[in-house]
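Chain residues, written in single-letter form:
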Amino acid sequence: MAQDPNQSTNSEQASVKVPSKDPKKKKDEKKDEDLSDEDLALKQQLELYVERVQDSDPGVQKLALESMRQEIRTSTSSMTSVPKPLKFLRPHYGTLKAYYEAMADTDLKKYLADILSVLALTMSAEGERESLKYRLLGSEGDIGSWGHEYVRNLAGEISQEYTKRQIDETPIDDLMELVQQIVAFHVKHNAEPEAVDLLMEVEDLDMLIDHIDSTNYKRTCLYLTSFASYLPSPDDMLVLEIAFAIYTKFEEHTSALCVALRMDNSHYVRQVFVCCSDLLKKKQLCYILAQQGVTLELDDELIHGNEEQREILQEIMNNAKLSEGYLTLARDIEVMEPKSPDDIYKVHLIDGRASAGASVDSARQNLAATFVNAFVNAGFGQDKLMTVPSESSSGGSTGSWLFKNKEHGKASAAASLGLIHLWEVDAGLAQIDKYFHSNDNHVIAGALLAVGIVNCGIRNECDPAYALLADYVTKDDSSIRIGAIMGLGIAYAGTQKVEVLRLLAPILIDLKVPIDVIAFTALSLGLIYVGSCHDDIAQSIILALMERSESELGEPLARFLSLGLGLLYLGKQENVDATVEVAKTFNEKISRYCQATLMSCAFAGTGNVLKVQSLLGLCAEHLDKGEIHQGPAVLGYALVAMAEELGLEMGIRSLEHLLQYGEQNIRRAVPLALGLLCISNPKVNVMDTLSRLSHDSDSEVAMAATISLGLIGAGTNNARIAGMLRNLSSYYYKDASLLFCVRIAQGLVHLGKGLLTLAPYHSDRFLLSPSAAAGLITFLHACLDMKSIILGKYHYVLYYLVLAMQPRMLTTVDENLKPISVPVRVGQAVDVVGQAGRPKTITGFQTHSTPVLLSAGDRAELATEKYVALSSILEGFVILKENPEYQADHHSS
């Protein structure tokens, strides 16, 4: 037997056998009386084991350890309280530790280490990492059998230990073996997020790929892709690479393609195509590329020399079917009937005083009507002002709508034809053709711009836009040149078309060219080469910024030079650093503006916290009136923060502070930033803020707020915003400029009769379309100087919004790409990242048959098992194939 218990230093051990007169005992017995008989028996049992462990006979020791282990294991079932055995063994932790140190190296010693490791779960001091220490000293056994909480605790200690060993540069092989076990345990027990977190801590995500199987890869990848938004660069790319590898491994090609596009990695995009052998799937991939505006050269490696296949895929990628799908949706919802601006203004709903003033035929009001008409009938190919034959019963008045506009107003009126025929290239060009023969330069300029708008986002083998516009770029008349240059920028946004570069590059460095032509040239090149970091263009724009005189750089349009430069680096993060350094040497009039613009474009949609802080820092300075760089800083703040929902909410809150404490030039930009954060997504709190600001005493703030009301409601037909704007139109009936802004906003709210959206994000808010973002940024930068640009003679910059217009639809097509109608459930999307089991992904749904409209934050899922969707995200065009198993079930029943 072991030493006499009476002499034992730790008198509590003695309470098993020999009663003694020790006062400590009395206390103990009192405590014991509180316990139930069962617990008391357990407590005495465990204390006996502790004693037996210190026995000299290995057989007794082994038996005691086995029994102790058994007790601990069977009791770790409930997680709401500390398991009983751990509680009763607490006083003996020190004793066992001391005995462990004195033990000889045998298997028993490892056995004891295992038990100490579990005891350390509740006993060890903070930061000691004893649980891990004894785990590494213990036997190699299965760790999972000790329960979840133990494994979790170990994972936490491993990450601390790993960090420490990295600093000390000591080997980590033993840790990695343990990590391997823990990851396997987590994945087996549906806790993939915990496995991912641990591997992130020990910087070895590759290990994940071997552990994931077909049952859990979707959940794991969902976690990986969603938390990539919260990681600093370059960690986010590493995480996305693992997600890409897992998707590729399980042949989930559409999701793999989305991840490749998110990483902006053309090599991976090709790889997805090469790996995918199914023609139908390839068609679906092309639809996703078309939505993102990416072109892929279909060479023989991708289509194995099949010409017919190449044509079908190329046509989808060129977006040639977009107009057809959009009009199918419109017919289905029965909104083909053209609307006039008066149908939108609804003057009869407003009190008397405003309607009296509205009947006056002023050029400014006609110009507003031109835009409203174009926005509302966008893509429908017919309206009541521009496309009506002039011999109509109304005595030819409508055909002359063009001439109800003054000089530069005619340019916008002619260009509105392009928007009405949006995406319908052949029909649109036929309608526009007659204006090319006009003898009024403004009309020709408008027609050129219309050609660009019709081709926006549509690619065509025979390049009609380039063929028609190229000759006009070098004409003498400024407005014609601007029309052609702007048209090229809109038609080829994001395509990196070399011919256009050769055509436009010489203009940038020609000192005789007026600054407005230069500004639009820089902007068009920025749009065409958006996010490409193209060195030569950057050099040319920098040269133009350096060589122009101070008075020219003071012009309102000079800001487009900086913006063109910024767009080249859209979303490219650190690649902009060198250019920012150069920008510091510019004329002080434009230097800070340029730096703020470059920063905000480069980090657009990244959610980079440090950039958010530095841009807010710029906004916090209180400066003289003349400083203009804070405007782009505020917009940049919104651009960076719009990456994910959390950042977006925080962004809205911070902008509230800027409104309260910022200088005037910041307050003018805040409404625009709010408009960008909630574009086509009318959140009530933002709507109220903008409604308040639209009555602001500073007219520029009021104008920006009014336009932003249009932006947050763009294409939603939101009744509340429509009501607010109607009230504003009666409030400002005497102020022509503000009334113009109200009208534009009214047009935006009813964009495409409520079928279009301006939101640059798609695929479940996972991908940001670069050309859509570029169009919005351009429009917002123009709004920073409302008076000289939009209310001046450059109102046609409003058409840059075309780049962001997309039908907010879900259209299902069959294997021959013909539309089919199937029931789908549409409801509010629910965030199910990291949730156990198979939670519902949408809530509050309704069942409709396709094609259907999707609002901001909506998600759709098929409500039939007859078909299988080829895309993991139901948005835009989705190909359905018949479910082979469905028929079988059908017959058997």
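Refer to the preceding data block for the structure.
Scoring rules and cut-offs
Residues numbered from 1 in each chain as written. Predicted model: local features only at pLDDT ≥ 70, side-chain atom pairs only at ≥ 80, totals over all residues. Heavy atoms only, no water. Helix = DSSP H or I, 4+ residues; strand = E, 2+ residues; numbered from the N terminus. Buried < 20%, exposed > 50% of the residue type's maximum accessible area, 1.4 Å probe, protein only. Contact = heavy atoms within 4.5 Å. Areas by Shrake-Rupley, 256 points an atom, 1.4 Å probe, with all protein chains shown as cover. Salt bridge = Lys/Arg side-chain N within 4 Å of Asp/Glu carboxyl O. Pairing = 2+ DSSP bridges. Axes fitted to C-alpha atoms, helices over the stretch in contact; angles between N-to-C directions.

A. Structural context of the overall build of the chain. Along the chain, the regular secondary structure elements total 46 helices and 11 strands. With respect to the three principal axes, the spread of C-alpha positions in the chain is 120 × 75 × 55 Å. Relative to its 893 residues, the chain shows a buried fraction of 56%. The long-range share in the chain, meaning contacts at least 24 apart out of those at least 6 apart in sequence, stands at 71%. Carbon and sulfur atoms form 50% of the exposed surface of the chain, whose accessible area is close to 37400 Å².

B. Geometry of the pattern of salt bridges. As enumerated under the stated definition, the model contains 27 salt bridges in all. Three or more residues joined by partner-sharing salt bridges are found here, namely Arg 129, Glu 161, Arg 165 and Asp 174.

C. The arrangement of the pairing of strand S11 (residues 876-882) in detail. With 5 of 7 residues buried, S11 is to be regarded as a mostly interior element. Pairing analysis gives 4 bridges linking strand S5 (residues 809-813) to S11, with the strands arranged parallel. In the strand pairing of S11, Leu 810 is matched with Gly 876. Counted along the chain from strand S10 (residues 867-869) to the antiparallel partner S11, the turn is 6 residues long.

D. Here's a closer look at the pairing of strand S9 (residues 858-862). Alternating residues of S9 divide into Asp 858, Ala 860 and Leu 862, all buried, and Arg 859 and Glu 861, none buried. Judged from the 5 bridges that link them, strand S6 (residues 823-829) and S9 form a sheet pairing that is antiparallel. Residue pairing in the sheet places Gln 828 in a bridge with Asp 858 of S9.

E. Layout of the sheet that holds strand S8 (residues 852-853). With mixed pairing, the 4 strands of this open sheet are ordered in space as S8-S5-S11-S10. Two strands bound the open sheet, and with one partner strand each, they are S8 and S10.

F. Seen up close, the sheet that holds S9. Strand order in the open sheet formed by 3 strands is S7-S6-S9, with antiparallel pairing between adjacent strands. Whereas interior strands pair on both sides, the edge strands pair on one side only; in this sheet they are strand S7 (842-849) and S9. Taken pair by pair, the neighbouring strands of this sheet meet at an average axis angle of 30 degrees, ignoring direction.

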